[in-house]
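One letter stands for each residue in the lines below.
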Amino acid sequence: MGDAFETLSEEGFQFFGRVTASVTHEIKNALAVIRENAGLMEDLIALGERKGDLDPARILALAGKIGTQAMKADGIVRNMNRFAHSMDEPLADLDLGETVELLATLSGRIAAMHGVAFETRVPDAPVWVKTNPVFLETLLWACLECAMNAAGPQKRLGIVLEETGSGARVRITGIQGENEPEFPSERHRDLYLAIGAEVRFGPGRDEIILELPKRASL
């Protein structure tokens, strides 16, 4: 377990740092659009007051853009809040569908920088496991990062969640695994062994497979 925490101090903090930097950049973009449209609205109102000819349609359009960006920023903050709370408990019941979709959303801008798009497929019913949230998220991020670096020519990665008799399986499809021959590394191995998971390439090295038990033995 000590080795896993040592790995987490390296991999995990880098992961949290990259996600935080990406999320704050998205928030700054939303705020910039809000400021720009608020400034335009002020200019229109001032112009209308001078000329006695306000244009309600343009003001309403700008208000709508501001509202859209405010909702976007609120969604980003709520996702980041959920992500931050993954540190609350060392062992927690997780709906893997929610976890997979949260990680895909938080990693969306980083994926776009790689020219990659994610497509998540999760079951309608929740898939529950009891595990360490931080270890799992760091491990899932390592899989996503490897997949982004090894994405096939279409640059579309599938993130597929499946329930199994012993727990759950996450498959990341659409890769060319020969581009990443040393995954998972020894450091990743410390993480997945700590939560009783397994990480491997599929037989054709065209997907990464993460197997998780129903309950981690921490």
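Look above for the structure.
If you're wondering where the values come from, they're calculated on a predicted model, not measured in any experiment.

*Asks:* Sorry if this is basic, but what is going on with the overall build of the chain here?
*Replies:* The helix and strand inventory of the chain stands at 6 helices and 7 strands. Order of helices (α) and strands (β) in the chain, N terminus to C terminus: α-α-β-α-α-β-β-α-β-β-α-β-β. Relative to the compact-globule value of 17 Å for 218 residues, the chain shows a C-alpha radius of gyration of 21 Å, a clear excess of over 25%. Reported as C-alpha extents along the three principal axes, the dimensions of the chain are approximately 70 × 40 × 35 Å. The buried share among the 218 residues of the chain stands at 45%. Sequence separation of 24 or more characterises 74% of the internal contacts of the chain that already satisfy a separation of 6 or more. As displayed, the chain has an accessible area near 11500 Å², and 53% of this comes from carbon and sulfur atoms. Where the 23 positive side-chain charges of the chain centre and where its 33 negative ones centre are 5 Å apart.

*Asks:* For this particular structure, what's the right way to read the pattern of salt bridges?
*Replies:* Between side chains of opposite charge, a pair can form when the charged atoms approach closely. Under the counting rule described, the total for this entry stands at 11 salt bridges. One salt bridge in this structure joins Arg18 and Glu145, with 2.8 Å as the shortest N-O distance. With Arg18 in helix α1 (residues 2-51) and Glu145 in helix α5 (residues 133-149), the pair connects residues that are 127 residues apart, well separated along the chain. Given a relative accessible area of 26%, Glu145 falls into the partly exposed group.

*Asks:* Help me out: how do you make sense of the nonpolar core in this one?
*Replies:* Taken as a class, soluble globular proteins show a tendency for nonpolar side chains to be buried jointly. Of all hydrophobic cores here, the largest spans 55 residues; its most connected members are Phe118, Ile208 and Leu210. With 12 residues, the single largest contributor to this core is α5. Apart from the residues within four sequence positions on either side, Leu210 is in contact with Leu136, Leu139, Leu140, Ala168, Arg169, Val170, Ala197, Glu198 and Val199. Counting 6 residues, the second-largest nonpolar core is a separate cluster that includes Leu44, Ile59, Leu62 and Ile66.

What counts and what doesn't
- Residues numbered from 1 in each chain as written.
- Predicted model: local features only at pLDDT ≥ 70, side-chain atom pairs only at ≥ 80, totals over all residues.
- Heavy atoms only, no water.
- Helix = DSSP H or I, 4+ residues; strand = E, 2+ residues; numbered from the N terminus.
- Rg over C-alpha atoms; globule rule 2.2 N^0.38 Å.
- Buried < 20%, exposed > 50% of the residue type's maximum accessible area, 1.4 Å probe, protein only.
- Contact = heavy atoms within 4.5 Å.
- Areas by Shrake-Rupley, 256 points an atom, 1.4 Å probe, with all protein chains shown as cover.
- Lys, Arg positive; Asp, Glu negative; His and termini not counted.
- Charge placed at Lys NZ, Arg CZ, Asp CG, Glu CD.
- Salt bridge = Lys/Arg side-chain N within 4 Å of Asp/Glu carboxyl O.
- Core = buried A, V, L, I, M, F, W, Y, C linked by side-chain atoms within 4.5 Å.

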